[in-house]
Amino acid sequence: MISIKSRREIELMRQTCKLAKSTLEFIGPYVKPGVSTEELNQLCHDYIISHDAYPSPLDYHGFPKSICTSLNEVICHGIPSKKDILKDGDILNIDVTTYLNKFHGDTNKTFLVGNVSDEVKKLVDITYKCMWEGIKVVKPGNRIGDIGARIAELAHGEGYTVVEEYCGHGIGREFHEEPQVVHNAKAGTGPVMKPGMTFTIEPMINLGSRHCLLLDDDWTVITKDKKWSAQFEHTILVTDDGYDVLTLRDEEK
Ligand code: MF3
Ligand code: CO
Ligand code: CO
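Each value, and the rule that gives it
- Residues numbered from 1 in each chain as written.
- Chains lettered and ligands numbered in written order.
- Predicted model: local features only at pLDDT ≥ 70, side-chain atom pairs only at ≥ 80, totals over all residues.
- Heavy atoms only, no water.
- Axes fitted to C-alpha atoms, helices over the stretch in contact; angles between N-to-C directions.
- Helix = DSSP H or I, 4+ residues; strand = E, 2+ residues; numbered from the N terminus.
- Parallel < 35°, antiparallel > 145°, perpendicular 65-115°, else oblique.
- Left-handed = near helix turned anticlockwise from the far one by under 90°.
- Contact = heavy atoms within 4.5 Å.
- Nonpolar A, V, L, I, M, F, W, Y, C, P; charged D, E, K, R; others polar.
- Donors = N, O, S within 2.8 Å, 3.2 Å for Na, K, Ca; no water.
- Tetrahedral: all angles 85-135°; square planar, octahedral: opposite > 155°, others 65-115°.
- Buried < 20%, exposed > 50% of the residue type's maximum accessible area, 1.4 Å probe, protein only.
- Phe/Tyr/Trp six-rings, centres within 6.5 Å; stacked < 30°, edge-to-face > 60°.
- Near = heavy atom within 4 Å.
- Polar contact = N/O pair within 3.5 Å; in protein donor to acceptor, adjacent residues only side chain to side chain.
- Areas by Shrake-Rupley, 256 points an atom, 1.4 Å probe, with all protein chains shown as cover.
- 1 Å grid on protein atoms, 1.4 Å probe; cavity = no way out; pocket = protein on both sides within 12 Å on 5 of 7 lines; lining within 4 Å.
- Sits in = over half its atoms within 2 Å of the grid points.
- Pairing = 2+ DSSP bridges.
- Points joined across faces, edges and corners; volume = space filled by probe spheres on them.

Caption draft 1: Summary view of the packing of helix 3 (residues 118–135) against helix 4 (residues 144–157). Taken N-terminus to C-terminus, the directions of helix 3 and helix 4 make an angle of 150°; their axes are 8 Å apart at the nearest point. Judged by the angle between their axes, helix 3 and helix 4 are roughly antiparallel. In this structure, helix 3 crosses over helix 4, and the sense of that crossing is right-handed. For the pair formed by helix 3 and helix 4, the contact residues are Lys-129, Cys-130, Glu-133 and Gly-134 on the first element and Ile-147, Arg-150, Ile-151, Leu-154 and Ala-155 on the second. Along the lines of polarity and charge, the residues of the contact of helix 3 with helix 4 split into five nonpolar, one polar and three charged.

Caption draft 2: Focus on the coordination of the cobalt ion (ligand 3). Every protein donor of the cobalt ion (ligand 3) is listed here as Asp-95 (OD), Asp-95 (OD), Asp-106 (OD) and Glu-233 (OE), and their distances to the metal cover 2.1 to 2.3 Å. Around the cobalt ion (ligand 3) sit six donor atoms, and with donor-metal-donor angles ranging over 59 to 170° the site reads as irregular. Taken as a pair, the cobalt ion (ligand 3) and the cobalt ion (ligand 2) lie 3.3 Å from each other and share Asp-106 as a ligand. Of this pair, Asp-106 sits in strand 5 (residues 103–112) while Glu-233 sits in the loop between strand 13 (229–231) and strand 14 (234–238); the two residues are 127 residues apart in sequence, bridging distant segments of the chain. Glu-233 matches Asp-106 in its accessibility class, with the two residues each being buried.

Caption draft 3: Structural view of the packing of aromatic side chains. On inspection of all chains with the given rule, the structure shows five aromatic pairs. Ring centres 4.4 Å apart and planes at 20° place the aromatic pair Phe-26 and Tyr-47 in the stacked group. Pair noted here: Phe-26 is in helix 1 (residues 7–27) and Tyr-47 is in helix 2 (residues 37–50), with a separation of 21 residues, a long-range link. The class for Tyr-47 is buried, based on a relative accessible area of 17%.

Caption draft 4: Region of interest: the site of ligand 1. The immediate surroundings of ligand 1 are formed by 14 residues, with Pro-57, His-169, His-176, Glu-202 and Glu-233 found nearest. Within the side chain of Asp-95, a nitrogen or oxygen atom sits 3.1 Å from a nitrogen atom of ligand 1. Contact with the protein chains covers 97% of the free accessible surface of ligand 1, which is 330 Å². Among the detected pockets, ligand 1 sits in the largest pocket.

Caption draft 5: Representation of the sheet that holds strand 12 (residues 221–223) within the structure. Ordered in space as 3-12-11, the three strands form an open sheet in which the pairing is antiparallel. Each end of this open sheet is capped by a strand with a single partner; those strands are strand 3 (74–76) and strand 11 (212–214). Averaged over all neighbouring strand pairs, the angle between strand axes comes to 40°, with direction disregarded.

Caption draft 6: Focus on the layout of surface pockets. Volume-wise, the largest pocket comes out at about 390 Å³. Around the largest pocket sit 22 residues that line it, and Tyr-60, His-77, Tyr-166, Phe-175 and His-176 are the ones nearest its centre. Size it by volume and the second largest pocket reaches roughly 170 Å³. Lining the second largest pocket are Thr-37, Thr-69, Leu-71, Asn-72, Glu-73, Val-74, Gly-78, Ile-79, Asp-84, Leu-92, Asp-217 and Thr-220. Per-class residue counts for the lining of the second largest pocket are four nonpolar, five polar and three charged.

Caption draft 7: Main features of the coordination of the cobalt ion (ligand 2). Donor atoms from the polypeptide that bind the cobalt ion (ligand 2) are Asp-106 (OD), His-169 (NE2), Glu-202 (OE) and Glu-233 (OE), placed at 2.0 to 2.2 Å. Of note is the cobalt ion (ligand 2), whose six donor atoms meet at the metal with angles of 51 to 161° in an arrangement that counts as irregular. Linear spacing of the donor residues for the cobalt ion (ligand 2) on their chain is D-x62-H-x32-E-x30-E. Looking at Glu-202, the relative accessible area reads 7%, which means it is buried.

Quick look at the structure:
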């Protein structure tokens, strides 16, 4: 069942999503060579708690930290660690999910650390474009599969691959609700979008093959060929005539 949020619920979704996006804006200036992903985790944790909210990942099915930090060949669900110290040329995805007023808001961004190679910079740029092209498909009457069809068309056209094992998702009172938003889908498939639905779009795009490997920590997902991967994520509301990006950052306005 796909939940349709009421006006009141949408207002609460807006508040949690605003905090999630503010957390990403807050952490940006700290993403520099020499910082550890554990330090970034602690800063985000304290920021979220100080806003009377809870970091949704913490203890979610046993996840040990408050944000996900996915570095270079890590596709998603990287665990912050003192041992992971950023260096010039890295790319780091920070995925923030907040729980405020009983609602979750979910967003992520891939940051460039210092001087990144042109090849990787292009991967990050195209991944961001993939997310936006997917967002632009959101409109009542269109189908969820139309989103992934557009994303895959763009990514494949650039010679990249699309991760299939991890998806966007409905979001609200639960962190992960229906529907699943697959990023490599067939147009005309999946549920019909309706006003009041809220879900994430969060494509993971790879330089090499699409295949993944789960590390022994049972969380960290890396590319099988160790080539790098990028991701961006927003939480989207289906409106009467299109979409509203609930986690839109000031830099994107
Ligand atoms: N925020 C991730 C997503 O976009 C999910 C992280 S689950 C965790 O769906 F347990 F790893 F935090
Ligand atoms: Co998500
Ligand atoms: Co997320």
